[in-house]
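Tertiary structure, described
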Amino acid sequence: MSPALVLDASVTLSWAFEDEVSEYTEAALEATSRHGALVPALWPLEVANGLLVAERRGRLAQADVVAFLSLLRQLPIEVEPEFPDEVFGEVLALAREHALSLYDAVYLHAAMRYALPLATRDESLREAARRAGVALALPDHRAE
């Protein structure tokens, strides 16, 4: 299965919180379930950290985190490794050019490298994708 989109942590984490689910994030989950997604090596760290912070703040119970991680493991998500030469070169240049964090630039880089649409709720990353000529996943839905 060839992945349908590059999935970022903002969309992924929204699936764990009822108050953050939207038509857009549900559509991204459906597309990921059916066709798979590509994520950079940073994604598992960002998702796990977001869940840990939510747990520490009392927003999720540990059992909720365990259940959510089990769900993620069942999805056809391919983790693409990052290589230092790419990060220190192309990704850093993208971050500079589009005024993004290096973390956000990794998602943009993956979408550009594999010519896949990007699924993100982050408005600055969405705008950078537009400027870079990267398609946004699920354009018929608002990222909310």
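Reference entry: report on the structure contained in this document. Keep in mind the model is a prediction, meaning the values are calculated, not measured.

Each helix and strand counted, the protein chain has seven helices and four strands in total. Taken from the N to the C terminus, the helices and strands of the protein chain come in the order β-α-α-β-α-α-β-α-α-β-α. For the protein chain, whose C-alpha radius of gyration is 15 Å, the value lies close to the compact-globule estimate of 15 Å for 144 residues. With respect to the principal axes defined by its C-alpha atoms, the protein chain has extents near 40 × 30 × 30 Å. Relative to its full complement of 144 residues, the protein chain shows a buried share of 46%. Within the protein chain, residue pairs in contact and separated by at least 24 positions form 67% of the contacts whose partners lie at least 6 positions apart.

For the α-helix, the turn length of 3.6 residues means that residues three or four positions removed from each other point alike. Relative to the 21 Å expected for 15 residues at 1.5 Å per residue, helix 5 (residues 84-98) spans 20 Å between its end C-alpha atoms, a close match to the ideal helical length. The sharpest bend along helix 5 measures roughly 30° and falls at valine 91. Buried within helix 5 are the following residues: Glu86, Val87, Val91, Leu94, Ala95 and His98. Buried positions along helix 5 lie against helix 6 (102-114) and helix 7 (123-132). Alanine 99 sits one or two positions beyond helix 5 and adopts a positive phi of about 55°.

Cut-offs applied
Residues numbered from 1 in each chain as written. Predicted model: local features only at pLDDT ≥ 70, side-chain atom pairs only at ≥ 80, totals over all residues. Heavy atoms only, no water. Helix = DSSP H or I, 4+ residues; strand = E, 2+ residues; numbered from the N terminus. Rg over C-alpha atoms; globule rule 2.2 N^0.38 Å. Buried < 20%, exposed > 50% of the residue type's maximum accessible area, 1.4 Å probe, protein only. Contact = heavy atoms within 4.5 Å. Expected span 1.5 Å × (residues − 1). Bend = angle between axes of the 7 residues up to and from the residue.

Remember, this is a structural readout, not a statement about activity or role.
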